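Observations on chain architecture
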Amino acid sequence: MIKLWAISDLHLASQINRRALDELPEYGEDWIVLAGDICETQRQLADAIEVFSRRFAKVIWVPGNHELWAQRRGPLRGVSKYEAMVDIARHHG
């Protein structure tokens, strides 16, 4: 039986949270919803989707306020950051 998992608020800018992600076991044919506040940067999102994609059959990402606004430096915020994040998610399927 396939299960649908969901997780939010990973805040992968935190090193301890990033290490925990690396230790995540495989879930075979199960799906996961990444339900917001997973990361702050485009690189963190790409890393998260790559890791989850190796451990789950399907990854569904839903942006949170951290994906859109939390990055303190950089040119992208709001709509432009959202579009860049969506491009990353689409690139990873």
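Here the structure is a predicted model, which means the values were calculated and not measured.

What counts, and at which threshold
Residues numbered from 1 in each chain as written. Predicted model: local features only at pLDDT ≥ 70, side-chain atom pairs only at ≥ 80, totals over all residues. Heavy atoms only, no water. Phe/Tyr/Trp six-rings, centres within 6.5 Å; stacked < 30°, edge-to-face > 60°. Helix = DSSP H or I, 4+ residues; strand = E, 2+ residues; numbered from the N terminus. Buried < 20%, exposed > 50% of the residue type's maximum accessible area, 1.4 Å probe, protein only. Axes fitted to C-alpha atoms, helices over the stretch in contact; angles between N-to-C directions. Parallel < 35°, antiparallel > 145°, perpendicular 65-115°, else oblique. Contact = heavy atoms within 4.5 Å. Nonpolar A, V, L, I, M, F, W, Y, C, P; charged D, E, K, R; others polar. Lys, Arg positive; Asp, Glu negative; His and termini not counted. Salt bridge = Lys/Arg side-chain N within 4 Å of Asp/Glu carboxyl O. Polar contact = N/O pair within 3.5 Å; in protein donor to acceptor, adjacent residues only side chain to side chain.

1. Section: the packing of aromatic side chains
Per the counting criterion, the structure on display carries 3 aromatic pairs. With a centroid separation of 5.1 Å and an interplanar angle of 65°, the aromatic rings of Trp5 and Tyr27 are classed as edge-to-face. Residue Trp5 is found in strand E1 (residues 4–7), and its partner Tyr27 is found in the loop between helix H1 (15–22) and strand E2 (31–35); the two are separated by 22 residues along the sequence. Under the relative-accessibility criterion, Trp5 is labelled partly exposed at 34%. Judged by its relative accessible area of 25%, Tyr27 is partly exposed. Centre to centre, the rings of Phe52 and Phe56 are 6.1 Å apart; their planes meet at 35°, and the pair counts as tilted.

2. Some details on unusual backbone geometry
One non-glycine residue with positive phi stands out, namely Asp9, at about 55°. Here Asp9 lies in the loop between E1 and H1. Here the phi dihedral of His11 falls at roughly 45°; this positive angle occurs in a residue that is not glycine.

3. A short note on the packing of H1 against helix H2 (residues 42–55)
It is the contact of H1 with H2, at a shortest axis distance of 10 Å, that shows an interaxial angle of 25°. By the criterion of interaxial angle, the relationship of H1 to H2 is roughly parallel. Residue-level inspection shows Arg18, Leu21 and Asp22 of H1 in contact with H2, the latter providing Asp47, Ala48, Val51, Phe52 and Arg55. In the contact of H1 with H2, the residues fall into 4 nonpolar, no polar and 4 charged.

4. A look at the side chain of Arg55
Residue position: Arg55 is located in helix H2. Despite its burial, Arg55 remains without a salt bridge, the nearest opposite charge being carried by Asp22 at 5.9 Å. Within the local environment of Arg55, its side chain forms a polar contact with the backbone oxygen of Leu24, the two atoms lying 2.4 Å apart. Sequence-distant contacts of Arg55, defined by excluding residues within four places in its chain, comprise Asp22, Leu24, Pro25, Glu26, Tyr27 and Gly28.

5. What about the side chain of Lys81?
On the secondary structure map, Lys81 appears in helix H4 (residues 78–91). At 6.6 Å, Glu40 is the nearest oppositely charged side chain to Lys81, a buried residue that forms no salt bridge. Among the polar contacts made by the side chain of Lys81, one reaches the main-chain carbonyl oxygen of Glu40 at a distance of 2.5 Å.

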